[in-house]
Amino acid sequence: MAEADGKEMKIKAETDFAANPENYVNRELSWLEFNYRVLSEARDKTIPLFERLKFLSITASNLDEFYMVRVASLKDMVHAKYTKRDIAGLTAQEQLDRISERTHQLVELQYSTYNRSLLPALKQNGLRVITEHEDMNEAEAAFADDYFRKNVYPVLTPMAFDSSRPFPLIRNKTLNIAALLQKKNEKEEELEFAMVQVPSVIPRIVELPREVDEDGKEQRVVILLEEIIERNIRSLFLNYDIVASHPFRIMRNADLTIDEEEAVDLLEEIQKQLKKRQWGEAIRLEIESDVDKRLLKILKKELSVNSQDIFGINGPLDLTFLMKMYGLEGFEHYKAPKYTPQPVPVLMNEDDIFTNIRKGDILLHHPYQSFDPVVDFVRSAARDAEVLAIKQTLYRVSGNSPIIAALAEAADNGKQVSVLVELKARFDEENNINWAKKLEKAGCHVIYGLVGLKTHSKITLVVRMEEDGIRRYVHLGTGNYNDSTAKLYTDCGILTCDPQIGEDATAVFNMLSGYSEPLGWNKLSVAPLWLRSRFLRMIRREAAHAKDGRNGHIMAKMNSLCDKEIITALYEASCAGVKIELVIRGICCLKAGVPGLSENISVRSIVGNFLEHSRIFYFYNDGSPEVYMGSADWMPRNLDRRVEIMFPVENESLKAQVIHILELQLEDNVKAHILQPDGTYEKEDKRGKVLVNSQDQFCKEAVKLAEEYRDEADPAVTRVFRPIERIGE
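Predicted model only: the values in this text are computed from it and were never measured.

Considering all chains together, one arrives at 23 aromatic pairs under this definition. For the ring pair Phe 50 and Tyr 334, a centre distance of 6.3 Å and an interplane angle of 20° mean the geometry is stacked. Taken together, the residues Phe 50 in helix H3 (residues 49-79) and Tyr 334 in the loop between helix H9 (322-326) and helix H10 (353-359) connect sequence positions 284 residues apart. With a centroid separation of 6.1 Å and 90° between ring planes, the pair formed by Tyr 67 and Phe 311 is classed as edge-to-face. With a gap of 244 residues between them, Tyr 67 in helix H3 and Phe 311 in strand E9 (residues 310-313) connect regions that are remote in the sequence. A residue is classified by how much of its surface remains accessible, and Tyr 67, at 1% relative accessible area, is buried.

With that out of the way, let us pick up empty space enclosed by the protein. Inspection of the entire model under this criterion finds two cavities of 30 Å³ or more. Roughly 100 Å³ of volume is contained in the largest cavity. Around the largest cavity, the lining is made up of 14 residues, and of these His 366, Phe 371, Gly 479, Asn 480 and Asp 491 lie nearest the centre. Only strand E16 (469-477) and strand E17 (489-496) provide two or more residues apiece to the lining of the largest cavity. Among the residues forming the lining of the largest cavity, the class breakdown is four nonpolar, nine polar and one charged. Approximately 70 Å³ is the volume found for the second largest cavity. Around the second largest cavity, the lining residues are Ala 60, Leu 63, Asp 64, Val 107, Gln 110, Tyr 111, Arg 249, Arg 284, Glu 286, Asp 318, Leu 319 and Thr 320. Going through the elements one at a time, H3, helix H4 (92-124) and strand E8 (282-288) are the ones with two or more residues in the lining of the second largest cavity.

What follows covers the layout of surface pockets. Computed from the structure, the second largest pocket encloses a volume of approximately 530 Å³. Looking at the lining of the second largest pocket, the elements that each hand over two or more residues are H4, strand E1 (127-130), helix H6 (225-231) and strand E7 (240-252). Ranked by residue count, the leading element in the lining of the second largest pocket is E7, at five residues. For the lining of the second largest pocket, the per-class residue count stands at 13 nonpolar, seven polar and nine charged.

A word on the pairing of strand E20 (residues 579-584). Taken across its six residues, E20 has five buried, putting it largely inside the fold. One ladder, built from six bridges, connects strand E19 (residues 553-558) with E20; its direction is parallel. Across the sheet, the residue bridging to Ile 554 is Ile 580, located in E20. Where the polypeptide runs from E19 across helix H16 (residues 564-576) and back to E20, its parallel neighbour, the crossover connection is right-handed.

All right, on to the environment of Leu 423 then. With respect to the helices and strands, Leu 423 occurs in the loop between strand E12 (416-421) and helix H13 (429-442). Taking the C-alpha atoms as reference points, Leu 423 and Gly 449, 26 residues apart in sequence, are found 6.8 Å from one another.

Pairing is mixed across the open sheet formed by three strands, whose spatial order is E1-E6-E5. Where the open sheet ends on each side, the last strands, each with one partner, are E1 and strand E5 (205-212). With direction set aside, neighbouring strand axes in the sheet form an average angle of 30°. In terms of strand pairing, E1 meets strand E6 (residues 218-224) through four bridges, oriented parallel. Bridge pairing links Val 129 to Val 222 in E6. Its contacts with the sheet put H4 on E1 and E6, and the angle it makes with E1 is roughly 135°.

As a rule of thumb, nonpolar side chains are buried together in soluble globular proteins. If you look at the biggest cluster of nonpolar residues, it comprises 127 residues, and the most contacted ones within it are Met 325, Leu 561, Leu 570, Leu 582, Leu 590 and Trp 634. Top contributing element to this core by residue count: H3, with 14 residues. Residues within four places of Met 325 in sequence aside, it is in contact with Phe 50, Leu 53, Leu 122, Leu 127, Val 129, Ile 205 and Val 222. Among the nonpolar cores identified, the runner-up in size contains 49 residues, and Leu 363, Leu 420, Trp 521 and Ile 659 belong to it.

Mapped onto the secondary structure, Gln 110 falls in helix H4. Under the relative-accessibility criterion, Gln 110 is labelled buried at 3%. Polar side-chain contacts of Gln 110 include one of 2.9 Å to the side chain of Thr 59. Sequence-distant contacts of Gln 110, defined by excluding residues within four places in its chain, comprise Leu 39, Leu 56, Thr 59, Ala 60 and Leu 319.

Attention now goes to unusual backbone geometry. For the bond from His 366 to Pro 367, the omega torsion is 0°, close enough to zero to count as cis. Within the element layout of this structure, Pro 367 appears in the loop between strand E10 (362-366) and helix H11 (372-383). A cis amide bond links Ala 527 to the next residue, Pro 528, at an omega of 10°. Its identity is not glycine, yet Lys 81 carries a phi of approximately 60°, on the positive side. Locating Lys 81 in the fold gives a position in the loop between H3 and H4. Look at Lys 81 and you get exposed, because its relative accessible area is 70%. Even without being glycine, Asp 622 reaches a positive phi, approximately 55°.

A grouping of Leu 388, Met 465 and Ile 470 is seen on the molecular surface, where their side chains present a nonpolar patch of about 260 Å² in accessible area. Within the secondary structure, Leu 388 sits in strand E11 (residues 387-394). Using a relative accessible area of 41% as the deciding quantity, one classes Leu 388 as partly exposed.

A cluster of acidic side chains, namely Glu 132, Glu 134, Asp 135 and Asp 290, defines a negative patch on the protein surface. Residue position: Asp 290 is located in the loop between E8 and helix H8 (293-303). Residue Asp 290 is classed as exposed on the basis of its relative accessible area of 56%.

This paragraph deals with the sheet that holds strand E4 (residues 192-197). Read across the sheet, six strands follow the order E2-E4-E3-E7-E8-E9 without closing on themselves; strand pairing throughout is mixed. Looking along the sheet, the strands with just one partner apiece sit at the ends: strand E2 (158-161) and E9. Looking at each pair of strands side by side, their axes are set apart by 30° on average, direction ignored. Across six bridges, the pairing between strand E3 (residues 175-183) and E4 is antiparallel. Bridging from a neighbouring strand, Ala 179 pairs with Ala 194 of E4.

Turning next to the side chain of His 366. Inspection of the secondary structure assignment puts His 366 in strand E10. Here His 366 falls in the buried class, since its relative accessible area comes to 4%. Polar side-chain contacts of His 366 include one of 3.1 Å to the backbone oxygen of Gln 369. For His 366, the side chain forms a polar contact with the main-chain oxygen of Ser 370, separated by 3.5 Å.

Criteria and thresholds
Along each chain, residues carry numbers from 1 onward, in the same order as the chain's sequence is written. Local features in this predicted model are restricted to residues of pLDDT 70 or higher, and side-chain atom pairs are both shown and tallied only at a pLDDT of 80 or more, whereas totals for entire chains, interfaces and linings draw on every residue. The basis for the side-chain values is all heavy atoms of the structure; hydrogens and waters are excluded. When the centres of two rings from Phe, Tyr and Trp lie within 6.5 Å, Trp using its six-membered ring, the rings pair. Their planes under 30 degrees apart give stacked, over 60 give edge-to-face, and anything left gives tilted. Only DSSP runs of H or I with at least four residues qualify as helices, and only runs of E with at least two residues qualify as strands; both kinds are numbered from the N terminus onward. Each residue is placed in one exposure class: buried if its accessible area under a 1.4 Å probe, protein chains only, is under 20% of its type's maximum, exposed if it is over 50%, and partly exposed if it falls in between. For each structure, a 1 Å grid was placed over the protein atoms alone; sets of points admitting a 1.4 Å probe that cannot get out are labelled cavities, open sets with protein on both sides within 12 Å along at least five of seven lines are labelled pockets, and lining residues have an atom within 4 Å of a point. Grid points are joined across faces, edges and corners, and a volume is the space filled by probe spheres set on the points. Ten residues, namely Ala, Val, Leu, Ile, Met, Phe, Trp, Tyr, Cys and Pro, are considered nonpolar, four, namely Asp, Glu, Lys and Arg, are considered charged, and the remaining ones, Gly among them, are considered polar. In this scheme, strands are said to pair when DSSP sees at least two bridges between them. A clockwise path from the first strand over the helix to the second, with the strands pointing away from the viewer, defines a right-handed crossover. Between N-to-C directions, angles span 0 to 180 degrees; the directions come from axes that are lines fitted to C-alpha atoms, helices contributing only their stretch in contact. In this analysis, two residues are considered to be in contact whenever any of their non-hydrogen atoms come within 4.5 Å of each other. Nonpolar core, defined: a set of buried Ala, Val, Leu, Ile, Met, Phe, Trp, Tyr and Cys residues in which side-chain atoms within 4.5 Å join the residues together. Counting of polar contacts relies on pairs of N or O atoms within 3.5 Å, with two restrictions inside protein: one atom must be capable of donating a hydrogen and the other of accepting it, and residues adjacent in sequence are counted only when both atoms are side-chain atoms. Within this analysis, patches are made of residues with over 30% relative accessible area and no salt bridge. Like charges are joined at 9 Å or less; nonpolar side chains (Val, Leu, Ile, Met, Phe, Trp, Tyr) at 5 Å or less. Reported accessibility uses the Shrake-Rupley method at a 1.4 Å probe radius. Residues are deemed covered only where the shown protein chains occlude them. What makes a salt bridge here is a side-chain nitrogen of Lys or Arg within 4 Å of a carboxyl oxygen of Asp or Glu, nothing more. The sign given to each residue is positive for Lys and Arg and negative for Asp and Glu; His and the chain ends receive no count. By convention, charge coordinates are those of NZ in Lys, CZ in Arg, CG in Asp, or CD in Glu.

Structure (structure tokens):
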């Protein structure tokens, strides 16, 4: 019997999983499933009403970006007659067909959620949304018409299309109203096409005078700007009858194509390409579902849009306006309580940041703990007389970044400041170009990324002259140096002055700024040359231990998993008996819980108030656990086409804290969606279980830790008064 088991094990180990495309999931379809999970939050009636609006808005902005980049890229492949199949065995055209089908279903569900669930709930709770201008009463209509005359009409530019005037250029993502016109008293004349852009400079949500409902309660009333324009569209075409008018919106290819080898000035080339983004190929058309067929025919022809890329919308176009509705004042009781990031206990003292780092490595867990220590680290370095140099990589920063201000101040104070600003950070290119120019003006040495690679790593190096010589202080993180998103994204970071990590950090910046390529690393693992092989070695080490009858265990948390070689190694480890627990927010091309393939692999996706963004990796290593964090997901782009850094967590106390993060997320049964063997995701059955919401729990733990430290440090709490003892008693 034992011999038979051994043979079976050997057969399993020798199976070539990579040869069968059925073992993998298409990345685009997996991403769409993620957006369905976000949509499920908008449909969850246990969530505060305005939070549900926010989630529905997020599904819309997610879908926009997905079309502008991923669908656009597939269309480029089809145009180029590229027929190579993806890891799931699909051609680009087959992917587009399936994406279209699944996206139409998603959009239908979005609007069913909006119309049948959210609108009635809003009205019930004091906010009436007028969906069609015909539904306004006399007083509301008079207010809207007056608003149009005074605020909207002067801004509008009606555009006609005929033999003497070409079809108007329609910018990406803009909201427009198309109309079919007929000259008054000339019924035999052909219909003419005209359009007007809904101006983005005027708020889309217009509040009308409040009303009292049938129960005597005051109710807020809002209408969308396009409805007011549509009501008054006759005033734009005075000599015409309006036969039909409908709002529409197009999505264009926004995937930048930059030949970095040929570009003399990368900054200038990206600026040129950014302008083209507004006029790329039209890849999606959204229009009212009851659109006049003659008007649709004109749009379809002039925009060259395929039928499968036309979306008939039963409601307002572009649901991202719901984020503005979320911001309406007066509805705070329908929103989740605002969480304030807590101070880091080990930094709650009078010592400066460098003294605190010298005491030992410091773990940061955002947004549960404040991002302020990272800002303070750079700002203190800028002002510290002993600091000689600051080096940092920047991928995405906030609009009014304190990090940028501190770097500029450091250069002004005579420090050697080197900053790699990644100009190719998608949809942040313009922002990053502006920051790069500002830093250069301040006297910083700015590097515009590397040819052919995106620098996605998050690292800051501070070189300081101290009594015993030069000491290097390093911050390494899983998320961007962005103080705004640090309140919304879950990320981890470490502050350290470990000499070996300091050496590695210097080597990283020498590699980025010059032609130096280190022969080896002390503790960091860096993509694109070394990180993939490191991950594969550690996965295969667990498999080898399991084959020898020892325990094998991997826990990993990331945004996406779609690298075929990594997935295949995980399948092999699973078949060898390794327990693999994955927390993957977004794309997952791996199939979980499939007998003979992945029965030892579980995958969960957590979708909550904060965007899960940290990358954490745990390997049991035969009882000597290793824990790592980093900037890279298990995706080909991260491992092969980006500069990424993975760093170890070696301090035992910090290691325990990071393992706790993984374990708590694996216990989550409120916000976790579990991947099923058939590729669907389901929430756990909570009946009879203690509810665990990992994000809420981390908030409570951060508050408790900070309070405990305050109590310990507060003399009013810790002081004990003792009476003076009498001599002789």
